[in-house]
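# Structural features, examined
Listed here are the chains, written in short residue letters.
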2 protein chains.
Amino acid sequence: MTTPPPTPDRPPRRRRAAPPATAAAPLPPLPADGQARAVIDAVLPQVDAGRFAVKRVVDEPLEVTAHVFTDGHDKVRARLCWRRAGEPAWRETEMQPQGNDVWTAACAPDAPGPWRYTVCAWVDHFDSWRAELLRRVDLADILLAARVGAELVQQAAGRAGGEDGARLASLADNLRSRAEAASRATIAEIESVSLEVEAIKQLALAEDLAELAGRYPDRRHACWYAGPDGLPLAVDRPRAAFSTWYEMFPRSAALEEGRHGTFRDVQARLPYVAAMGFDVLYLPPIHPIGRSRRKGPNNTLIAREGDVGSPWAIGAEEGGHKDVLPALGTLADFRDLVGAANALGIEIALDIAFQCAPDHPWVRQHPQWFRRRPDGSVQYAENPPKKYQDIYPFDFETEDWRALWAALKDVFDHWIAQGVRIFRVDNPHTKAFAFWEWVIAAIKAEHPDVLFLAEAFTRPKVMHRLAKLGFSQSYTYFTWRNSRHELMEYFTELAHGPGADYYRPNAWPNTPDILNEHLHHGPRSIFMARLVLAATLSASYGIYGPPYELLQGEPRERGSEEYLDSEKYQLRHWGELSLERADSIAGFIATVNRIRKEYPALQSNRSLRFFDTSNPYLVAYAKRDADGRNAVLTVVNIDATFTQTGWVQVDAGWLGVDGGGFVARDLLTGQCFDWRDGGNFVILVPSQMPAHVLAIERSDAA
Amino acid sequence: MTTPPPTPDRPPRRRRAAPPATAAAPLPPLPADGQARAVIDAVLPQVDAGRFAVKRVVDEPLEVTAHVFTDGHDKVRARLCWRRAGEPAWRETEMQPQGNDVWTAACAPDAPGPWRYTVCAWVDHFDSWRAELLRRVDLADILLAARVGAELVQQAAGRAGGEDGARLASLADNLRSRAEAASRATIAEIESVSLEVEAIKQLALAEDLAELAGRYPDRRHACWYAGPDGLPLAVDRPRAAFSTWYEMFPRSAALEEGRHGTFRDVQARLPYVAAMGFDVLYLPPIHPIGRSRRKGPNNTLIAREGDVGSPWAIGAEEGGHKDVLPALGTLADFRDLVGAANALGIEIALDIAFQCAPDHPWVRQHPQWFRRRPDGSVQYAENPPKKYQDIYPFDFETEDWRALWAALKDVFDHWIAQGVRIFRVDNPHTKAFAFWEWVIAAIKAEHPDVLFLAEAFTRPKVMHRLAKLGFSQSYTYFTWRNSRHELMEYFTELAHGPGADYYRPNAWPNTPDILNEHLHHGPRSIFMARLVLAATLSASYGIYGPPYELLQGEPRERGSEEYLDSEKYQLRHWGELSLERADSIAGFIATVNRIRKEYPALQSNRSLRFFDTSNPYLVAYAKRDADGRNAVLTVVNIDATFTQTGWVQVDAGWLGVDGGGFVARDLLTGQCFDWRDGGNFVILVPSQMPAHVLAIERSDAA
């Protein structure tokens, strides 16, 4: 979508305009190369014909199909071509015909950043000649064809040069001279000539000649799909596809009750987070918090003295989006935290919330970035009759948009300079879409390893658009998908629907904003079951802790998705955290995350397949790795309370264990079950363990 | 697909290249208008993102859907815009939201030629303001909002000007002054002010204000889908979608046996063709026929003295593609034929076969347009081991391609100058695809009423590509689709598959090249049944006559699809033709074609729906007109020999006759049947009438 020069406004036409008497349509130009005869159609994958990038991670295969053909009976060849943006030459691999004019090939880009890919095809005269020669029977035809072939081989020799060129030239000479000699024979000599012609045909059809000549095709009239620059491919580092997130509020990280937590307290928590197996630690905004219109505990309108306010009300006298709340420590402390986390294999993800508290310095410095009301006041956020007087949104329609965009990009750049490489973007769907497309591309051009998670819990088309625009990951509706039917439909769509090439789901059973009613006062088993679902259905998932592992399920009020005494508005005290605490499922989470790391099948969504069960409270599905082996089959009892039994209908062949029985080893409990193709009986007792996560193994290996 | 500057040839990389250390990706440019906030996505229909045109005929609705939204809570508006290529301004109509961010509108281009269409969307501040005001409750908020609204209405007044502008300006003044006055009231006056505020709110929300202001939106920051020129739409005259073809060999048109037929003989046949209801009369090539290597009757290799040869072996001493075979008459005779046909509502369609007999003048004049063999001879057509020495194909890889293309276009132009407006193109898939795209666009730019039928009986992807490139109609696989399952699958794909927007099928039960074995020695009933299928499944269909209506079904040999004593190689004598001949189904064909003209439902494929039957020899389907009414339900007994009975399961609501019973009136026989929603019993006796073509009528109208 682009913006053309403004069209004069005018009302919609009510009456049909008479067509102009002579609307001379422009004559089409001749193509640059009318001799190019190959046709390339239907290249897949592609997102909106290349308007947006297909996404892959480093070393993840990009499997490309295309329709390739030409007019008449000639043979075509096709290559998949790919390169990093800016590289001068394509990397190439031959595509293989699969019948019905469908060709395929795969590549695996080896570095993060913007890439391009395309298909190149050409009419191959050597292949055409060879295919015809195979079917020729008349002596004279074969001898003429041999002379045609000698010419084609001679041309390949010219393109090859060097040793290969010399070899091809010698083969061409041999073919030509023998064919010419044989064609001078008389009818009387037909018997002996027949044998020579057969020998010449064999020589011309030799496999090693075909292989050698095939390396030097004549591509003067080759065609490229989607123009000389092909289609866009966004390659991210692997964590874009496989990541395990833990969200926590730094200010509640103090071990002593009542003290404001600091970056150093967070640093002390890192070993606990690492022990649970998380590799991304996401912190809500760490900036100065506005004092004007500050909210009190449980989102009350009036804050009392000492109330800490919401971290999303960004900006105060001490600074704005590039500054640190003094109570948390210093920028140096933050950099220390980043370094300490990295040393444990954890990345710090920062929350980017582009909005201002009324006392944010920008409100004074850049009044033109905010909308004014007729009384001169700044327009606060509202969705009538709701008002959010503590938040000023940016006016993305400001005439000064270039400066605003630059300032917002500068916020990212600032935190990138502190070592941050992952950003969780707050409500991106309330900021201009064009801004995201630009800023993500601009940042990734300089820092291809930076990742962006879109926190947009909104309408489907909007969430998809944000993913297309460049967000590396997206939140999902998982929190509200609870029945078997809902889970099957939604995750099948995520894994196999049109978004599969650009929308990378990140599934969260809870967030500080969403305590789904399924978790309200829920037993331990429902927290375990929802975690297993998130962790095995989605290659990326996260939890908001410590409330999650500590089984916190009390809402602010009945029916609300808000936590009671939410950390969003006050400090909380969680005490000493460990994998062993009896009121925690931290140890269970550690087990699940260890399984995710050990089994590549769980690190992608591409292979997800659901299996039928005889009981709607049992959800069964499997994933397998890129080679179609090492499947992991998960069965979850989604009933929080009652034991559920039933039959799970599996496809042993799909699971990679053809024929007879196999062993399903439960990675959560260590138990082994003898299973077989077809129906298998399952019993899951929530109070003991609400799920099986089963490694599928051959019986002989058990 | 375009052709970039040649890339140096080199072998595919066998080893992975190390990624460049610093591949600095180019920084993305800022958009032209960063203040544009509307988003348009997923505009449908489109063919390959606008690489090819969607096709419609004049006055056929183009129904467009799009995803339209913006960031945050603001309201968007969207318009469908369309114009003839070259027109300076868009015609526009408001799109309507259908929920889930999907918007729709329709337009109906009113002239043939190339058109463009797009969707324009913008954030509408007036609509946003109004939607918020509806939900506002606080007095002060309402008064501030009224002042904001007054400003917006004042701006609309400026855009409107004239009478509307004056009216809007007065409304704005009124709103502003009342709001300002009310906001000066004191708290003590709150009761009376409350009433005034309510009145101001009602004033601001008045429907007529919304309607008037809505006509003058602020579109300075509007977005257009697919750039300022939108997507291509090819509009043809109605015959592109609904046409009834009759093919005949002029040289067999003489009434006297043994005499070579002439254009005048064809002219004498016109009333017969018109009486059968055909509106396109298609003639195989009418040019001089080569003498060198001429084929004899039944495609024998050696022609005897007096053998007439194949009309597709084009060119001899007398001339080539722009000349007329003297035995048929003169160019003036041909023009007379065109005129006489047009007077009867029939168009003459010419066969364009771009190939040359060895004695075609071009072989001598333009030797560079043909490929040479090493012995200096011209390469004839071959598909080893088959050889076609009487045909020289053009070499579309000739360096002189520009001159060749121009000469071929000149052939079309020549016949257009003689009054021809429809061309049936012989084997387009054996000529360069890029040529077709150019030549069709070039001809239609000057003559938007010219239609092209692609005679490509080849692989699916190739046939689709030709349709995308611009052919107005395409032959189909109908001839080889005989079982109920095959017919249902194939015609469902044609009507509702991805090609529905560009592939217009033309179904033929026979051609001079294809006498399907179902017709071999078939009884009268199978000729009738196959004709009904073609004529009611496909809005365009044709037959090759007189063999078809005269029930000719004798193949050259058992299992062959060639006719015995085919007119392709010799004269045939058919005697006096009329609708009444006992050995003919001409009268039946006239009935079927009359029904097609009377029932608009049969003039499009868009509504085709198959119904279940209890007997696989009964095929049942219906079409209805654009308003969803006036359905025609067809039931065909596809068993040539035996009476078939069974139940046809219909959906009365879909047929437009909700509730209770209805009358199915057979348009072939005049019989009426009382039918109802659900199952209805059918008996079809092939020897009497192998099909029902039923008009669906309300009982009360019967």
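Along each chain, residues carry numbers from 1 onward, in the same order as the chain's sequence is written. In the order they appear in the text, chains get letters beginning with A and ligands get numbers beginning with 1. Owing to the predicted nature of the model, reporting of local features is limited to residues with pLDDT of at least 70; listing and counting of side-chain atom pairs is limited to 80 or more, with chain, interface and lining totals taken over all residues. Side-chain metrics in this entry use all non-hydrogen atoms of the structure; hydrogen atoms and water are not considered.

## Brief notes about the sheet that holds strand S12 (residues 280-283) of chain B
Residue and element names in this part refer to chain B. Pairing between two strands requires that DSSP report at least two bridges joining them. To qualify as a helix, a DSSP run of H or I must reach at least 4 residues; to qualify as a strand, a run of E must reach at least 2; elements of each kind are numbered from the N terminus. Pairing within the closed barrel is parallel, and its 8 strands lie in the order S11-S12-S13-S18-S19-S20-S21-S22. Ignoring which end each strand starts from, the neighbouring axes of this sheet average 30 degrees apart. With 2 bridges connecting them, strand S19 (residues 451-455) and strand S20 (residues 473-475) associate as parallel partners. Looking across to S20, one finds that alanine 454 is bridged to serine 474. With respect to the sheet, helix H14 (residues 586-598) is in contact with strand S11 (243-247) and strand S22 (540-544), its orientation differing from that of S22 by roughly 165 degrees. Here the axes come from fitting lines to C-alpha atoms, over the contacting stretch only for helices, and the angles between their N-to-C directions go from 0 to 180 degrees. Here, two residues are considered to be in contact whenever any of their heavy atoms come within 4.5 Å of each other.

## Quick notes on the sheet that holds strand S1 (residues 39-44) of chain A
Residues and elements named next belong to chain A. An order of S1-S3-S7-S6 is seen for the 4 strands of this open sheet, with the pairing classed as antiparallel. Of all the strands in the sheet, the pair left with one neighbour each is S1 and strand S6 (96-97). The pairing of S6 with strand S7 (residues 102-107) spans 2 bridges and is classified as antiparallel. When the sheet's bridge partners are listed, proline 97 is paired in S7 with tryptophan 103.

## Section: the relation of the copies chain B and chain A
Least squares is used to superpose the copies, and the fit set is the C-alpha atoms of residues whose pLDDT is at least 70 in both copies. By a simple turn and slide, chain B fits onto chain A: the slide is 0.0 Å along the axis, the RMSD is 0.0 Å, and the turn is 180 degrees. These values place the two chain copies in the arrangement generated by a two-fold rotation axis. Scanning chain B for the C-alpha nearest the rotation axis identifies alanine 49 of chain B, at a separation of 2.9 Å.

## Observations regarding helix H2 (residues 139-160) of chain B
Under the 1.5 Å per step criterion, the end-to-end length of H2 of chain B is 31 Å for 22 residues, consistent within 8% with the ideal 32 Å. Just past H2 of chain B, the residue glycine 161 of chain B takes up positive phi, approximately 65 degrees. Expected helix span is taken as 1.5 Å per residue step, with the number of steps being one fewer than the number of residues.

## Comments concerning the interface of chain B and chain A
At the junction of the two partners, chain B supplies 114 residues and chain A supplies 114 residues. Summed over both partners, the accessible area lost on bringing two parts together, with a 1.4 Å probe, is the buried area. Both faces combined, the contact of chain B with chain A buries some 10,300 Å², and carbon together with sulfur accounts for 55% of it. Salt bridges are defined by distance alone: a side-chain nitrogen of Lys or Arg within 4 Å of a carboxyl oxygen of Asp or Glu. Joining chain B to chain A, the criterion identifies 16 salt bridges. The closest approach of N and O atoms between lysine 468 of chain A and aspartate 41 of chain B, which form a salt bridge, is 3.0 Å.

## Brief notes about a nonpolar patch on the surface
Two distance rules govern patches: like charges are joined within 9 Å, and nonpolar side chains (Val, Leu, Ile, Met, Phe, Trp, Tyr) within 5 Å, applied only to residues with over 30% relative accessible area and no salt bridge. Shrake-Rupley sampling with a 1.4 Å probe provides the accessible areas, and residues are treated as covered by the protein chains on show and by no other component. On the surface, a nonpolar cluster with roughly 330 Å² of combined accessible area is contributed by Trp647, Phe681 and Ile683 of chain A. As for its position among the elements, tryptophan 647 of chain A is in strand S26 (residues 644-650).

## Looking at the pairing of strand S29 (residues 678-684) of chain B
All names here are of chain B. Note on exposure labels: buried denotes an accessible area under 20% of the residue type's maximum, exposed denotes more than 50%, and partly exposed covers the range between, all computed with a 1.4 Å probe on protein chains only. Among the 7 residues in S29, 5 count as buried, and that is most of the element. Note: strand S26 (residues 644-650) against S29, 7 bridges, orientation antiparallel. Each bridged residue has a counterpart across the sheet, and for valine 650 the counterpart in S29 is glycine 678.

## Focus: the packing of aromatic side chains
Centre distance within 6.5 Å is the pairing criterion for rings of Phe, Tyr and Trp, where only the six-membered ring of Trp is used; planes under 30 degrees apart are then read as stacked, over 60 as edge-to-face, and the remainder as tilted. All told, the structure shown has 81 aromatic pairs over all chains when counted by the stated rule. Between phenylalanine 69 of chain A and phenylalanine 433 of chain B, the aromatic rings sit 5.6 Å apart at their centres with planes inclined by 70 degrees, giving edge-to-face as the arrangement. Of this pair, phenylalanine 69 of chain A sits in strand S3 (residues 62-69) while phenylalanine 433 of chain B is found in helix H10 (residues 433-446), placing the two residues in two different chains. We classify phenylalanine 433 of chain B as buried; its relative accessible area is 3%. Aromatic pair phenylalanine 370 of chain B and tyrosine 392 of chain B: ring centres 6.4 Å apart, planes at 65 degrees, arrangement edge-to-face. With phenylalanine 370 of chain B in the loop between helix H8 (361-365) and strand S15 (381-383) and tyrosine 392 of chain B in strand S17 (residues 392-393), the pair connects residues that are 22 residues apart, well separated along the chain.

## Focus on the pattern of salt bridges
All names here are of chain A. Summed over the entire model, instances satisfying the criterion amount to 119 salt bridges over all chains. Among the salt bridges present, the one from aspartate 651 reaches arginine 609, with a minimum N-O distance of 3.1 Å. Taken together, the residues aspartate 651 in the loop between S26 and strand S27 (661-666) and arginine 609 in strand S23 (residues 609-613) connect sequence positions 42 residues apart. Classification of aspartate 651 by relative accessible area gives partly exposed; the value is 27%.

## Points about the packing of H2 of chain B against helix H4 (residues 190-204) of chain B
All names here are of chain B. Remark: H2 packs on H4, axes separated minimally by 10 Å, with the N-to-C direction vectors making an angle of 40 degrees. Considering the angle they form, H2 stands oblique to H4. When you trace H2 past H4, the crossing you get is left-handed. Contacts between H2 and H4 involve Leu139, Ile142, Leu143 and Ala146 from the former and Ile190, Ser194, Val197, Ile200 and Lys201 from the latter. Put simply, Ala, Val, Leu, Ile, Met, Phe, Trp, Tyr, Cys and Pro go in the nonpolar bin, Asp, Glu, Lys and Arg in the charged bin, and everything else, Gly too, in the polar bin. Among the residues forming the contact of H2 with H4, the class breakdown is 7 nonpolar, 1 polar and 1 charged. Angle categories: roughly parallel below 35 degrees, roughly antiparallel above 145, roughly perpendicular from 65 to 115, and oblique for all the rest. By convention, the crossing between two helices is left-handed when the near helix turns anticlockwise from the far helix through less than a right angle, and right-handed when the turn is clockwise.

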